[in-house]
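# A structural walkthrough
Next come the chains, spelled out residue by residue.
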Amino acid sequence: MSTFSRRKLIATGLAVAGGASGLAVAAKLAGRYGLIPPDGGGLYGPGETLTYAAQRILTRHSLAREFSRSQMSKIPFANEVAPLGEAFKRLEDGGFADWRLAVDGMVARPGAFSIAEIKRFSWSSQITHLACEEGWSYIAEWIGVPLSLVLDAAGTLPQARYVIYRSFQSGWWESIDMADALHPQTLVTFGMNGGELPVKFGGPLRLRLPRQLGYKSVKYITRLTVTDTLKPFGKGLGSAASEGGYAWYAGI
Amino acid sequence: MADSVWGPIPASAAPAARVRSRHAALVRVTHWITALCFLALLVTGVEILISHPRFYWGEAGNVLTPPLFKLPIPASRATVPTGYGYVLPDQNGWSRYLHFQAAWVAVLTGLIYVIFGLFTGHFRRNLLPARADLSWRALSSVLGQHLRFRPAAGAGAWSYNALQRLAYLWVIFVLFPLVIWTGLAMSPGIVSAFPAVVTILGGQQSARTIHFFVSLFLLIFVLVHIAMICLTGFRSRMRAIITGRATAHKEHR
(Lines give C-alpha, C1' and ligand atoms only; values in the text may rest on other atoms or scores of the structure.)
Protein backbone atom coordinates (compact mmCIF):
# COMPACT_ATOMS: atom_id res chain seq x y z
CA MET A 1 0.00 0.00 0.00
CA SER A 2 2.70 2.48 0.99
CA THR A 3 4.90 1.70 -2.03
CA PHE A 4 1.88 2.08 -4.24
CA SER A 5 1.04 5.51 -2.91
CA ARG A 6 4.70 6.53 -3.04
CA ARG A 7 4.85 5.54 -6.67
CA LYS A 8 1.66 7.48 -7.24
CA LEU A 9 3.12 10.48 -5.45
CA ILE A 10 6.29 10.41 -7.56
CA ALA A 11 4.27 10.05 -10.76
CA THR A 12 2.01 12.94 -9.80
CA GLY A 13 5.03 15.04 -8.82
CA LEU A 14 6.73 14.34 -12.13
CA ALA A 15 3.54 15.14 -14.05
CA VAL A 16 3.13 18.45 -12.20
CA ALA A 17 6.80 19.38 -12.69
CA GLY A 18 6.62 18.37 -16.36
CA GLY A 19 3.43 20.35 -16.84
CA ALA A 20 4.85 23.43 -15.11
CA SER A 21 8.08 23.43 -17.10
CA GLY A 22 6.10 22.77 -20.28
CA LEU A 23 3.99 25.82 -19.50
CA ALA A 24 7.10 27.91 -18.82
CA VAL A 25 8.62 26.91 -22.17
CA ALA A 26 5.31 27.58 -23.94
CA ALA A 27 5.09 31.04 -22.33
CA LYS A 28 8.65 31.83 -23.40
CA LEU A 29 8.01 30.74 -26.98
CA ALA A 30 4.69 32.64 -27.06
CA GLY A 31 6.46 35.81 -25.93
CA ARG A 32 9.16 35.39 -28.54
CA TYR A 33 6.72 34.98 -31.43
CA GLY A 34 4.44 37.83 -30.30
CA LEU A 35 1.61 35.55 -29.19
CA ILE A 36 0.93 37.25 -25.86
CA PRO A 37 -1.69 40.03 -25.95
CA PRO A 38 -1.16 43.26 -23.97
CA ASP A 39 -3.89 42.16 -21.53
CA GLY A 40 -2.25 38.73 -21.17
CA GLY A 41 -1.46 39.29 -17.49
CA GLY A 42 -3.86 39.04 -14.59
CA LEU A 43 -6.67 36.68 -13.72
CA TYR A 44 -7.98 36.14 -17.25
CA GLY A 45 -4.57 36.37 -18.93
CA PRO A 46 -4.17 32.63 -19.61
CA GLY A 47 -7.49 32.39 -21.48
CA GLU A 48 -6.81 35.55 -23.48
CA THR A 49 -3.31 34.37 -24.36
CA LEU A 50 -4.61 30.98 -25.52
CA THR A 51 -7.25 32.64 -27.69
CA TYR A 52 -4.90 35.21 -29.20
CA ALA A 53 -2.04 32.75 -29.74
CA ALA A 54 -4.32 30.10 -31.26
CA GLN A 55 -5.85 32.63 -33.62
CA ARG A 56 -2.53 34.16 -34.63
CA ILE A 57 -1.40 30.66 -35.60
CA LEU A 58 -4.65 29.68 -37.36
CA THR A 59 -5.99 32.95 -38.77
CA ARG A 60 -3.02 35.20 -39.55
CA HIS A 61 -3.91 35.51 -43.25
CA SER A 62 -7.51 34.30 -43.30
CA LEU A 63 -10.13 36.53 -44.91
CA ALA A 64 -13.42 37.47 -43.27
CA ARG A 65 -16.42 36.10 -45.13
CA GLU A 66 -17.86 38.47 -47.72
CA PHE A 67 -21.53 38.48 -48.59
CA SER A 68 -23.65 39.23 -51.63
CA ARG A 69 -25.64 42.46 -51.99
CA SER A 70 -28.86 40.55 -51.36
CA GLN A 71 -27.58 39.54 -47.92
CA MET A 72 -27.00 43.13 -46.79
CA SER A 73 -29.13 44.20 -43.82
CA LYS A 74 -32.09 46.31 -44.98
CA ILE A 75 -31.66 48.76 -42.10
CA PRO A 76 -28.28 48.53 -40.36
CA PHE A 77 -28.31 49.41 -36.69
CA ALA A 78 -26.10 52.23 -35.44
CA ASN A 79 -25.16 51.82 -31.81
CA GLU A 80 -25.44 54.78 -29.44
CA VAL A 81 -22.56 57.23 -29.36
CA ALA A 82 -21.85 59.89 -26.78
CA PRO A 83 -22.57 63.47 -27.96
CA LEU A 84 -19.77 64.52 -30.30
CA GLY A 85 -19.73 68.19 -29.26
CA GLU A 86 -19.28 71.58 -30.85
CA ALA A 87 -15.86 70.99 -32.40
CA PHE A 88 -17.18 67.96 -34.31
CA LYS A 89 -20.24 69.94 -35.42
CA ARG A 90 -18.00 72.65 -36.89
CA LEU A 91 -15.99 70.05 -38.83
CA GLU A 92 -19.21 68.44 -40.06
CA ASP A 93 -20.59 71.81 -41.18
CA GLY A 94 -17.42 72.29 -43.19
CA GLY A 95 -18.00 68.96 -44.98
CA PHE A 96 -15.09 67.48 -42.99
CA ALA A 97 -12.67 69.36 -45.28
CA ASP A 98 -10.55 70.12 -42.18
CA TRP A 99 -10.63 66.53 -40.85
CA ARG A 100 -7.12 65.08 -40.57
CA LEU A 101 -5.81 61.59 -39.99
CA ALA A 102 -2.36 62.02 -38.43
CA VAL A 103 0.22 59.25 -38.73
CA ASP A 104 3.13 59.28 -36.31
CA GLY A 105 5.39 57.06 -34.21
CA MET A 106 7.66 54.54 -35.91
CA VAL A 107 7.23 55.83 -39.44
CA ALA A 108 9.77 57.38 -41.78
CA ARG A 109 7.44 60.21 -42.87
CA PRO A 110 5.05 61.33 -40.13
CA GLY A 111 2.27 63.55 -41.34
CA ALA A 112 -1.44 63.97 -41.72
CA PHE A 113 -3.94 63.08 -44.45
CA SER A 114 -7.11 64.94 -45.33
CA ILE A 115 -10.12 62.85 -46.40
CA ALA A 116 -9.50 63.91 -50.01
CA GLU A 117 -5.93 62.64 -49.73
CA ILE A 118 -7.11 59.36 -48.20
CA LYS A 119 -9.50 58.92 -51.12
CA ARG A 120 -6.57 59.21 -53.56
CA PHE A 121 -5.29 55.78 -52.51
CA SER A 122 -6.82 52.88 -54.38
CA TRP A 123 -10.21 52.01 -52.97
CA SER A 124 -11.40 48.73 -51.71
CA SER A 125 -14.87 47.63 -50.69
CA GLN A 126 -16.26 44.70 -48.77
CA ILE A 127 -19.66 43.43 -47.74
CA THR A 128 -19.00 42.04 -44.29
CA HIS A 129 -20.66 41.14 -41.03
CA LEU A 130 -20.32 43.52 -38.10
CA ALA A 131 -21.01 41.74 -34.81
CA CYS A 132 -21.30 43.58 -31.51
CA GLU A 133 -20.14 41.92 -28.32
CA GLU A 134 -23.73 42.38 -27.07
CA GLY A 135 -24.93 39.77 -29.55
CA TRP A 136 -26.53 41.72 -32.41
CA SER A 137 -25.11 42.17 -35.88
CA TYR A 138 -25.67 43.51 -39.37
CA ILE A 139 -24.19 43.08 -42.82
CA ALA A 140 -23.15 46.18 -44.74
CA GLU A 141 -20.89 47.34 -47.52
CA TRP A 142 -17.83 49.26 -46.38
CA ILE A 143 -15.76 51.39 -48.75
CA GLY A 144 -12.31 52.68 -47.92
CA VAL A 145 -8.60 52.22 -48.42
CA PRO A 146 -6.59 49.44 -46.86
CA LEU A 147 -4.77 50.67 -43.77
CA SER A 148 -1.62 49.04 -45.19
CA LEU A 149 -1.56 51.60 -48.05
CA VAL A 150 -1.73 54.51 -45.60
CA LEU A 151 1.00 52.94 -43.46
CA ASP A 152 3.17 52.30 -46.54
CA ALA A 153 2.81 55.94 -47.58
CA ALA A 154 4.07 56.99 -44.14
CA GLY A 155 6.86 54.41 -44.32
CA THR A 156 6.41 51.99 -41.41
CA LEU A 157 9.74 51.10 -39.80
CA PRO A 158 10.63 47.40 -39.62
CA GLN A 159 10.49 47.25 -35.81
CA ALA A 160 6.79 48.21 -35.80
CA ARG A 161 4.60 45.76 -33.90
CA TYR A 162 1.34 47.60 -33.22
CA VAL A 163 -0.75 50.40 -34.64
CA ILE A 164 -2.66 52.57 -32.17
CA TYR A 165 -5.70 54.43 -33.46
CA ARG A 166 -7.50 57.20 -31.64
CA SER A 167 -11.01 58.52 -31.96
CA PHE A 168 -12.23 62.08 -32.04
CA GLN A 169 -14.23 61.02 -28.98
CA SER A 170 -11.84 61.81 -26.19
CA GLY A 171 -10.49 58.84 -24.25
CA TRP A 172 -11.45 56.35 -26.95
CA TRP A 173 -8.49 54.54 -28.46
CA GLU A 174 -7.61 51.04 -29.65
CA SER A 175 -4.65 49.15 -31.07
CA ILE A 176 -4.01 46.15 -33.31
CA ASP A 177 -0.96 44.08 -34.13
CA MET A 178 0.74 44.25 -37.54
CA ALA A 179 -1.03 41.07 -38.74
CA ASP A 180 -4.33 42.95 -38.46
CA ALA A 181 -2.92 46.34 -39.47
CA LEU A 182 -1.53 44.98 -42.75
CA HIS A 183 -4.49 42.67 -43.39
CA PRO A 184 -6.13 43.46 -46.77
CA GLN A 185 -9.61 43.78 -45.19
CA THR A 186 -8.55 46.32 -42.56
CA LEU A 187 -9.95 49.50 -44.09
CA VAL A 188 -9.76 53.20 -43.35
CA THR A 189 -13.44 53.52 -44.21
CA PHE A 190 -15.15 56.62 -45.62
CA GLY A 191 -18.12 55.03 -47.41
CA MET A 192 -20.95 52.68 -46.57
CA ASN A 193 -23.66 50.94 -48.60
CA GLY A 194 -22.75 52.84 -51.77
CA GLY A 195 -22.64 56.30 -50.19
CA GLU A 196 -20.73 58.42 -47.71
CA LEU A 197 -20.16 56.90 -44.29
CA PRO A 198 -22.94 58.43 -42.11
CA VAL A 199 -21.84 60.12 -38.88
CA LYS A 200 -23.83 57.68 -36.73
CA PHE A 201 -21.88 54.80 -38.32
CA GLY A 202 -18.53 56.51 -37.70
CA GLY A 203 -18.18 59.02 -40.53
CA PRO A 204 -16.13 60.69 -41.79
CA LEU A 205 -13.50 57.99 -41.01
CA ARG A 206 -13.82 54.67 -39.27
CA LEU A 207 -11.26 51.90 -38.98
CA ARG A 208 -13.03 48.74 -40.03
CA LEU A 209 -11.78 45.26 -39.02
CA PRO A 210 -14.22 42.56 -40.06
CA ARG A 211 -12.31 39.79 -38.24
CA GLN A 212 -12.93 41.31 -34.82
CA LEU A 213 -15.99 42.45 -32.86
CA GLY A 214 -17.53 45.85 -33.50
CA TYR A 215 -15.81 47.67 -30.67
CA LYS A 216 -12.44 47.33 -32.44
CA SER A 217 -13.89 49.19 -35.46
CA VAL A 218 -13.40 52.61 -33.88
CA LYS A 219 -15.46 55.53 -35.20
CA TYR A 220 -14.13 59.04 -36.04
CA ILE A 221 -10.44 58.14 -36.22
CA THR A 222 -8.03 61.06 -36.13
CA ARG A 223 -4.60 59.64 -35.41
CA LEU A 224 -2.54 56.50 -36.06
CA THR A 225 0.57 55.81 -34.01
CA VAL A 226 2.93 53.03 -35.03
CA THR A 227 4.85 51.53 -32.13
CA ASP A 228 6.89 48.53 -31.05
CA THR A 229 5.37 48.44 -27.58
CA LEU A 230 2.01 49.30 -26.00
CA LYS A 231 3.45 49.70 -22.49
CA PRO A 232 3.81 53.52 -22.47
CA PHE A 233 0.23 54.09 -23.69
CA GLY A 234 -2.41 54.54 -21.02
CA LYS A 235 -2.22 51.69 -18.54
CA GLY A 236 -0.24 49.58 -21.01
CA LEU A 237 -3.19 47.32 -21.81
CA GLY A 238 -3.38 48.38 -25.44
CA SER A 239 -6.80 50.07 -25.59
CA ALA A 240 -9.45 52.04 -23.78
CA ALA A 241 -11.63 48.92 -24.02
CA SER A 242 -9.15 46.74 -22.15
CA GLU A 243 -8.76 49.45 -19.52
CA GLY A 244 -12.55 49.27 -19.22
CA GLY A 245 -12.41 45.50 -18.67
CA TYR A 246 -12.93 44.24 -22.24
CA ALA A 247 -10.57 41.96 -24.13
CA TRP A 248 -7.94 43.68 -26.27
CA TYR A 249 -8.15 40.98 -28.92
CA ALA A 250 -11.75 40.78 -30.09
CA GLY A 251 -11.48 38.05 -32.72
CA ILE A 252 -12.70 35.75 -29.88
CA MET B 1 -30.02 -6.78 -15.79
CA ALA B 2 -27.93 -7.59 -12.76
CA ASP B 3 -24.95 -8.34 -14.98
CA SER B 4 -24.98 -4.98 -16.62
CA VAL B 5 -25.62 -3.22 -13.36
CA TRP B 6 -22.51 -4.77 -11.93
CA GLY B 7 -20.72 -4.05 -15.16
CA PRO B 8 -16.99 -4.44 -15.28
CA ILE B 9 -16.45 -5.81 -11.83
CA PRO B 10 -17.15 -9.53 -11.56
CA ALA B 11 -19.48 -10.10 -8.66
CA SER B 12 -16.94 -12.38 -7.03
CA ALA B 13 -14.36 -9.64 -7.01
CA ALA B 14 -16.72 -7.18 -5.39
CA PRO B 15 -16.81 -7.89 -1.71
CA ALA B 16 -20.06 -6.37 -0.66
CA ALA B 17 -19.00 -4.43 2.40
CA ARG B 18 -15.50 -3.53 1.30
CA VAL B 19 -14.71 -0.03 0.25
CA ARG B 20 -13.30 0.24 -3.24
CA SER B 21 -12.87 2.68 -6.13
CA ARG B 22 -16.09 3.68 -7.88
CA HIS B 23 -14.66 6.38 -10.17
CA ALA B 24 -11.12 6.54 -11.54
CA ALA B 25 -9.04 9.47 -10.25
CA LEU B 26 -8.99 11.05 -13.70
CA VAL B 27 -12.77 10.87 -13.94
CA ARG B 28 -13.12 12.51 -10.52
CA VAL B 29 -10.67 15.34 -11.26
CA THR B 30 -12.07 16.09 -14.73
CA HIS B 31 -15.62 15.90 -13.33
CA TRP B 32 -14.99 18.65 -10.80
CA ILE B 33 -13.02 20.86 -13.18
CA THR B 34 -15.87 20.54 -15.68
CA ALA B 35 -18.43 21.28 -12.96
CA LEU B 36 -16.59 24.49 -12.00
CA CYS B 37 -16.27 25.51 -15.65
CA PHE B 38 -19.96 24.84 -16.24
CA LEU B 39 -20.90 27.07 -13.33
CA ALA B 40 -18.62 29.85 -14.62
CA LEU B 41 -19.92 29.45 -18.18
CA LEU B 42 -23.54 29.46 -17.00
CA VAL B 43 -23.28 32.60 -14.86
CA THR B 44 -21.25 34.54 -17.44
CA GLY B 45 -23.38 33.20 -20.28
CA VAL B 46 -26.52 34.55 -18.62
CA GLU B 47 -24.73 37.86 -18.05
CA ILE B 48 -23.71 38.10 -21.73
CA LEU B 49 -27.19 37.04 -22.84
CA ILE B 50 -29.02 39.79 -20.94
CA SER B 51 -27.21 42.45 -22.94
CA HIS B 52 -29.36 41.35 -25.88
CA PRO B 53 -32.12 38.91 -24.87
CA ARG B 54 -33.40 38.58 -28.45
CA PHE B 55 -32.71 35.70 -30.83
CA TYR B 56 -32.58 35.57 -34.60
CA TRP B 57 -32.13 33.05 -37.37
CA GLY B 58 -29.66 33.48 -40.23
CA GLU B 59 -26.53 35.57 -40.55
CA ALA B 60 -27.47 38.91 -39.01
CA GLY B 61 -30.00 40.35 -36.58
CA ASN B 62 -30.43 43.45 -34.42
CA VAL B 63 -33.17 45.52 -32.76
CA LEU B 64 -34.35 46.70 -36.19
CA THR B 65 -34.83 43.08 -37.34
CA PRO B 66 -37.83 40.96 -36.30
CA PRO B 67 -36.55 38.42 -33.77
CA LEU B 68 -37.19 34.69 -33.89
CA PHE B 69 -38.20 35.11 -30.25
CA LYS B 70 -37.22 37.26 -27.31
CA LEU B 71 -36.96 36.45 -23.64
CA PRO B 72 -39.41 38.38 -21.46
CA ILE B 73 -36.64 39.80 -19.29
CA PRO B 74 -35.05 43.23 -18.87
CA ALA B 75 -31.74 43.90 -20.64
CA SER B 76 -28.41 45.33 -19.49
CA ARG B 77 -28.21 47.73 -22.45
CA ALA B 78 -30.50 50.69 -22.99
CA THR B 79 -30.70 50.20 -26.78
CA VAL B 80 -32.74 46.99 -26.49
CA PRO B 81 -36.52 47.55 -26.24
CA THR B 82 -37.71 45.13 -23.54
CA GLY B 83 -40.85 46.78 -22.19
CA TYR B 84 -39.16 47.27 -18.83
CA GLY B 85 -38.53 50.78 -17.59
CA TYR B 86 -35.09 50.01 -16.28
CA VAL B 87 -31.74 48.65 -17.43
CA LEU B 88 -29.85 45.92 -15.55
CA PRO B 89 -26.24 46.49 -14.49
CA ASP B 90 -23.85 45.59 -17.30
CA GLN B 91 -21.07 43.13 -16.43
CA ASN B 92 -20.06 42.01 -19.91
CA GLY B 93 -16.34 42.79 -19.62
CA TRP B 94 -15.27 40.26 -17.01
CA SER B 95 -18.13 37.94 -18.02
CA ARG B 96 -16.67 37.61 -21.50
CA TYR B 97 -13.12 37.17 -20.19
CA LEU B 98 -14.26 34.45 -17.77
CA HIS B 99 -16.58 32.80 -20.30
CA PHE B 100 -13.75 32.23 -22.77
CA GLN B 101 -11.21 31.25 -20.13
CA ALA B 102 -13.64 28.70 -18.64
CA ALA B 103 -14.38 27.47 -22.16
CA TRP B 104 -10.66 26.84 -22.74
CA VAL B 105 -10.33 24.93 -19.47
CA ALA B 106 -13.50 22.94 -20.17
CA VAL B 107 -12.41 22.03 -23.70
CA LEU B 108 -8.88 21.00 -22.66
CA THR B 109 -10.25 19.02 -19.70
CA GLY B 110 -12.81 17.39 -21.98
CA LEU B 111 -10.07 16.42 -24.43
CA ILE B 112 -8.05 14.75 -21.69
CA TYR B 113 -11.17 12.96 -20.46
CA VAL B 114 -12.18 11.73 -23.93
CA ILE B 115 -8.65 10.48 -24.72
CA PHE B 116 -8.59 8.73 -21.32
CA GLY B 117 -12.05 7.28 -21.93
CA LEU B 118 -11.12 5.90 -25.33
CA PHE B 119 -7.78 4.42 -24.29
CA THR B 120 -8.82 2.87 -21.00
CA GLY B 121 -12.13 1.50 -22.22
CA HIS B 122 -13.98 3.76 -19.78
CA PHE B 123 -16.65 4.60 -22.37
CA ARG B 124 -17.03 1.00 -23.54
CA ARG B 125 -17.14 -0.41 -20.03
CA ASN B 126 -18.95 2.22 -18.01
CA LEU B 127 -21.04 4.20 -20.46
CA LEU B 128 -21.89 2.07 -23.49
CA PRO B 129 -25.19 0.34 -22.65
CA ALA B 130 -25.40 -3.41 -23.06
CA ARG B 131 -27.38 -4.41 -26.12
CA ALA B 132 -29.94 -6.25 -23.97
CA ASP B 133 -30.61 -3.09 -21.96
CA LEU B 134 -31.51 -1.15 -25.08
CA SER B 135 -34.75 -3.04 -25.77
CA TRP B 136 -37.92 -0.98 -25.38
CA ARG B 137 -39.02 -3.17 -22.50
CA ALA B 138 -35.81 -2.74 -20.57
CA LEU B 139 -35.63 0.99 -21.28
CA SER B 140 -39.26 1.68 -20.41
CA SER B 141 -38.92 -0.25 -17.19
CA VAL B 142 -35.92 1.86 -16.14
CA LEU B 143 -37.68 5.01 -17.31
CA GLY B 144 -40.77 4.05 -15.30
CA GLN B 145 -38.71 3.63 -12.17
CA HIS B 146 -37.17 7.05 -12.70
CA LEU B 147 -40.49 8.74 -13.41
CA ARG B 148 -41.91 7.32 -10.20
CA PHE B 149 -38.84 8.73 -8.44
CA ARG B 150 -37.95 5.18 -7.53
CA PRO B 151 -34.70 4.34 -9.27
CA ALA B 152 -33.63 0.77 -8.58
CA ALA B 153 -32.01 0.50 -5.20
CA GLY B 154 -28.39 1.36 -5.55
CA ALA B 155 -28.74 2.56 -9.16
CA GLY B 156 -25.43 4.15 -9.96
CA ALA B 157 -23.78 2.85 -6.81
CA TRP B 158 -21.50 0.58 -8.80
CA SER B 159 -22.62 0.93 -12.34
CA TYR B 160 -25.03 2.98 -14.43
CA ASN B 161 -28.30 1.72 -15.88
CA ALA B 162 -29.02 2.12 -19.58
CA LEU B 163 -30.86 5.39 -19.12
CA GLN B 164 -27.99 6.93 -17.22
CA ARG B 165 -25.50 5.63 -19.77
CA LEU B 166 -27.46 7.12 -22.66
CA ALA B 167 -27.80 10.44 -20.85
CA TYR B 168 -24.06 10.67 -20.18
CA LEU B 169 -23.14 9.64 -23.74
CA TRP B 170 -25.59 12.22 -25.10
CA VAL B 171 -24.04 14.96 -22.98
CA ILE B 172 -20.43 13.97 -23.72
CA PHE B 173 -20.72 13.25 -27.44
CA VAL B 174 -23.62 15.43 -28.59
CA LEU B 175 -24.31 18.41 -26.31
CA PHE B 176 -20.71 19.31 -25.42
CA PRO B 177 -19.42 19.13 -29.03
CA LEU B 178 -22.46 21.13 -30.20
CA VAL B 179 -22.03 23.87 -27.61
CA ILE B 180 -18.31 24.16 -28.49
CA TRP B 181 -19.06 24.20 -32.21
CA THR B 182 -21.81 26.84 -31.97
CA GLY B 183 -19.56 28.89 -29.68
CA LEU B 184 -16.72 28.82 -32.22
CA ALA B 185 -19.20 29.68 -34.99
CA MET B 186 -19.78 33.05 -33.29
CA SER B 187 -16.08 33.93 -33.41
CA PRO B 188 -15.31 36.29 -36.30
CA GLY B 189 -11.67 35.18 -36.20
CA ILE B 190 -12.36 31.45 -36.31
CA VAL B 191 -14.97 31.66 -39.08
CA SER B 192 -12.60 33.72 -41.23
CA ALA B 193 -10.28 30.69 -41.29
CA PHE B 194 -12.99 28.01 -41.23
CA PRO B 195 -16.15 29.50 -42.81
CA ALA B 196 -17.95 26.13 -42.90
CA VAL B 197 -18.10 26.20 -39.10
CA VAL B 198 -20.79 28.87 -39.37
CA THR B 199 -22.30 28.37 -42.84
CA ILE B 200 -23.40 24.80 -42.01
CA LEU B 201 -25.40 26.20 -39.11
CA GLY B 202 -27.10 28.79 -41.33
CA GLY B 203 -25.28 31.87 -40.06
CA GLN B 204 -23.82 33.56 -37.03
CA GLN B 205 -27.18 34.43 -35.47
CA SER B 206 -28.41 30.86 -35.99
CA ALA B 207 -25.27 29.68 -34.18
CA ARG B 208 -26.07 32.03 -31.28
CA THR B 209 -29.64 30.71 -31.08
CA ILE B 210 -28.52 27.06 -31.15
CA HIS B 211 -25.82 27.85 -28.56
CA PHE B 212 -28.59 29.14 -26.27
CA PHE B 213 -30.74 26.00 -26.64
CA VAL B 214 -27.84 23.57 -26.21
CA SER B 215 -26.82 25.46 -23.07
CA LEU B 216 -30.40 25.15 -21.86
CA PHE B 217 -30.31 21.36 -22.43
CA LEU B 218 -26.99 21.17 -20.56
CA LEU B 219 -28.52 23.11 -17.68
CA ILE B 220 -31.52 20.74 -17.59
CA PHE B 221 -29.10 17.80 -17.54
CA VAL B 222 -27.16 19.31 -14.63
CA LEU B 223 -30.37 19.99 -12.66
CA VAL B 224 -31.64 16.42 -13.18
CA HIS B 225 -28.15 15.09 -12.38
CA ILE B 226 -28.14 16.95 -9.06
CA ALA B 227 -31.73 15.92 -8.31
CA MET B 228 -30.87 12.25 -8.91
CA ILE B 229 -27.87 12.50 -6.61
CA CYS B 230 -30.06 13.89 -3.85
CA LEU B 231 -32.68 11.18 -4.47
CA THR B 232 -30.31 8.23 -4.53
CA GLY B 233 -28.12 9.22 -1.61
CA PHE B 234 -26.29 12.51 -1.63
CA ARG B 235 -23.55 11.51 0.81
CA SER B 236 -22.52 8.27 -0.84
CA ARG B 237 -22.64 9.79 -4.34
CA MET B 238 -20.53 12.75 -3.24
CA ARG B 239 -18.09 10.45 -1.48
CA ALA B 240 -17.78 8.36 -4.64
CA ILE B 241 -17.06 11.32 -6.93
CA ILE B 242 -14.70 13.01 -4.46
CA THR B 243 -12.75 10.15 -2.90
CA GLY B 244 -13.61 7.41 -5.37
CA ARG B 245 -14.88 5.25 -2.55
CA ALA B 246 -18.30 3.77 -2.40
CA THR B 247 -19.86 1.05 -0.35
CA ALA B 248 -21.98 -1.42 -2.19
CA HIS B 249 -24.27 -1.88 0.73
CA LYS B 250 -25.48 0.79 3.09
CA GLU B 251 -27.39 2.52 0.33
CA HIS B 252 -28.77 5.59 1.95
CA ARG B 253 -32.19 6.13 0.41
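Residues numbered from 1 in each chain as written. Chains lettered and ligands numbered in written order. Predicted model: local features only at pLDDT ≥ 70, side-chain atom pairs only at ≥ 80, totals over all residues.

## Let's talk about the packing of helix H2 (residues 25–49) of chain B against helix H9 (residues 204–242) of chain B
Residues and elements named next belong to chain B. We apply this condition: Axes here mean lines fitted to C-alpha atoms, for a helix over just the part in contact, with angles spanning 0 to 180 degrees between N-to-C directions. Helix numbers and strand numbers start at the N terminus; a helix is a DSSP run of H or I with at least 4 residues, a strand a run of E with at least 2. Angle categories: roughly parallel below 35 degrees, roughly antiparallel above 145, roughly perpendicular from 65 to 115, and oblique for all the rest. The crossing is said to be left-handed when, going from far helix to near helix, the turn is anticlockwise and less than a right angle, and right-handed when the turn is clockwise. We call two residues in contact whenever the C-beta atoms placed from their backbones are within 7 Å. Charged means Asp, Glu, Lys or Arg here, nonpolar means Ala, Val, Leu, Ile, Met, Phe, Trp, Tyr, Cys or Pro, and polar covers whatever is left, Gly included.
H9 packs onto H2 with a crossing angle of 140° between their chain directions and a minimal axis gap of 13 Å. By the angle between their axes, H2 is oblique relative to H9. Considering only the axes of H2 and H9, their crossing is left-handed. Facing Arg-28, His-31, Phe-38, Leu-42 and Gly-45 of H2, the residues of H9 in contact are Ser-215, Leu-219, Val-222, Ile-241 and Ile-242. Of the residues assigned to the contact of H2 with H9, the class counts are six nonpolar, three polar and one charged.

## Description of the nonpolar core
So the rule is basically this: By convention the nonpolar core is taken to be a set of buried residues drawn from Ala, Val, Leu, Ile, Met, Phe, Trp, Tyr and Cys and joined through C-beta atoms within 7 Å. Around each residue's C-beta, the other C-beta atoms within 10 Å are counted; 20 or more make the residue buried, 12 or fewer make it exposed, and counts in between make it partly exposed. All C-beta atoms are placed from the backbone.
The biggest cluster of nonpolar side chains holds 66 residues, and the ones touching the most others in it are Val-150, Val-163, Tyr-165 and Val-188 of chain A. Of the residues forming this core, the biggest block, six residues, is contributed by helix H3 (residues 92–120) of chain B. Counting 10 residues, the second largest nonpolar core, distinct from the first, contains Ala-185, Leu-201, Ala-207 and Ile-210 of chain B.

## Let's talk about the interface of chain A and chain B
One frequent convention defines the size of an interface as the accessible area lost when the parts assemble. Listed as interface residues are 38 residues of chain A and, on the opposing side, 29 residues of chain B. When contributions to the side of chain A that touches chain B are tallied by element, the ones reaching two or more residues are helix H2 (45–59), strand S3 (124–131) and strand S4 (137–146) of chain A. The element contributing the most residues to the side of chain A that touches chain B is H2 of chain A, with eight residues. Of the residues belonging to the side of chain A that touches chain B, the class tally is 17 nonpolar, 15 polar and six charged.

## Regarding the sheet that holds strand S5 (residues 162–167) of chain A
Residue and element names in this part refer to chain A. Note the cut-off: Two strands form a pair only when DSSP identifies at least two bridges running between them.
The strand order across the open sheet formed by five strands is S2-S1-S10-S5-S6, and the pairing between neighbours is mixed. Looking at the sheet topology across the chains shown, the edges are occupied by strand S2 (111–114) and strand S6 (173–177). Going from strand to strand, the sheet's axes swing by 20° on average, the running direction of each strand aside.

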